[in-house]
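Reading the structure
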Amino acid sequence: MRRSHREGGTTALRWWILALLFLAITINILDRQVLSLVAPGLMTQLHITNTQYGVILMFFMLGMTIGQVPVGQALDRYGVRRGFPGLIFLWSIVNMLHGAASAVAQFCGLRFLLGVAECGTYSAGVKVIGQWFPAEERAFACGIFNSGSLAGAIIAPPVIVWLMTRFGWRAAFVLPGAIGLAWVLPWLRVYRKPPATEDKREPEGAVLVRDLLRLPAVWGVIAIRAFSGPVTQFYWYWLPSYLNRARGMSLAKIGMLAWLPFLCGALGNLGGGWLSSRLIRSGWSINRSRKTVFSLSVGLCLSAVLVPEVSSTFAAMTLLCAASVGINSVAANHIGILTDMFPESVLARVTGLTGVGDGVVSMIMMLVTGIVIDHFSYFPIFLGVGLFPLLVLLSLAILVGPVRRLPIERFSVCSVPPSA
């Protein structure tokens, strides 16, 4: 009876922890979205071109890329109870400092620091879910966690536009930073390691990053995020500018409508995670259920190709919503296969490596997007973001292979399996 009570308490606690993870990534994306929402006015006031805006975004992705592996290693070694709130404290301060910037170089430096601090959100969330949730619940838990990114994107347009129109674009950076600082205390109060891992310690130097990179499956999960993450980044950072400059939407209208694709993306996160978990509970193998949902999700991503070709704003928004459902379902199930395949002791590092892949491709995409828009149009960009996710399925089939648990903890630095 006493054991049942403890188990019930542990179950309740993991959902409270998941709620804090959801809130953390909501704040994370709210912070990131401020720049994209103030961009139309900011670019006009400071005479910033699309290419220069792309460079500013590239510096953010550079910080994200450089920070991924060391931050992942630190989270694996020292844990998420203090490491995660430390990162959130840092990025909140840096985000607030954006309000004092007035030149492209200053924005580049601040976005770089923001990227370094924010890169650990995904790794910490995946690590915690891998610790606290059983396999049949992980994809759904991952969907809830990752949908926090869409919640941030949903909240951002009306809130940031209101702040900007009432107090100016500089003030719009302050509130999200303050909310981030307020998150730290409840995390320190609530979070603890699950009982099964409290006394677990990874042997010093047992598995190094170079050993992980010998596994084809690691390259597979890196490729999946590299071919899907930049698509999500495009919607976060360029959608307000597209709606303003290509569709002629006013700032007020953007505040009213720009959140719709992100709401649909949140449904994609939850729906994709729920469907995958449902199939597993129905008797499907983890491998079959994950790959089925990946295939359906990528099919929805293709709708982005048609966005520049339709004249109706309603039709364009409908297509954007469908594409957002697809790419966010991909993201939820990507987190799911990370927790399916990799033990908790290396999970943050593997997730960090996937973030490097995402960061490198996103840097290129952010820069190329600005150049292409300045010299051509949005059509080539939407063609790319619609077709790019097809490479996810190739990576899944060729590099990942069957989705199954890899016995990495057995292998030392001198004994890594030749294939996976």
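Just so you know, these numbers come straight off a predicted model, no measurement behind them. (Residues numbered from 1 in each chain as written. Predicted model: local features only at pLDDT ≥ 70, side-chain atom pairs only at ≥ 80, totals over all residues. Heavy atoms only, no water.)

**Thoughts on the confidence of the model for the protein**
Residues of the protein with pLDDT of at least 70 account for 92%, and the chain-wide mean is 83. Throughout residues 197-205 the model reports pLDDT below 50, and contacts reaching past four residues in sequence, or to other chains, amount to 12 contacts. In the model, residues 411-420 has pLDDT below 50 throughout and makes 20 contacts with residues more than four positions away in sequence or in other chains. (pLDDT = per-residue confidence, 0-100. Contact = heavy atoms within 4.5 Å.)

**Considering the packing of aromatic side chains**
Taken as a whole, this structure holds 17 aromatic pairs when the rule is applied. With a centroid separation of 6.1 Å and 40 degrees between ring planes, the pair formed by Phe-107 and Trp-169 is classed as tilted. Of the two residues, Phe-107 sits in helix 4 (residues 104-118) while Trp-169 sits in the loop between helix 6 (135-167) and helix 7 (174-190), which places them 62 residues apart along the sequence. Residue Phe-107 is classed as buried on the basis of its relative accessible area, which comes to 0%. Overall, the relative accessible area of 7% leaves Trp-169 in the buried class. (Phe/Tyr/Trp six-rings, centres within 6.5 Å; stacked < 30°, edge-to-face > 60°. Helix = DSSP H or I, 4+ residues; strand = E, 2+ residues; numbered from the N terminus. Buried < 20%, exposed > 50% of the residue type's maximum accessible area, 1.4 Å probe, protein only.)

**Section: the packing of helix 2 (residues 50-78) against helix 5 (residues 120-132)**
Relative orientation of the contacting elements helix 2 and helix 5 amounts to 35 degrees, with a least axis distance of 9 Å. Note on packing geometry: the crossing formed by helix 2 with helix 5 is right-handed. Residues Gln-68, Val-71, Leu-75 and Asp-76 of helix 2 lie in contact with helix 5, whose contacting residues are Gly-120, Ser-123, Ala-124 and Lys-127. In terms of residue class, the contact of helix 2 with helix 5 is built from 3 nonpolar, 3 polar and 2 charged. (Axes fitted to C-alpha atoms, helices over the stretch in contact; angles between N-to-C directions. Left-handed = near helix turned anticlockwise from the far one by under 90°. Nonpolar A, V, L, I, M, F, W, Y, C, P; charged D, E, K, R; others polar.)

**Quick look at the state of the cysteines**
Summed over all chains, the structure comprises 0 disulfides. Note on Cys-108: no disulfide assigned, nearest cysteine sulfur contributed by Cys-119 at a separation of 18 Å. Left without a disulfide partner, Cys-321 is nearest to the cysteine sulfur of Cys-264, which lies 3.6 Å away. What makes Cys-321 buried here is its relative accessible area of 13%. (Disulfide = S-S within 2.5 Å.)

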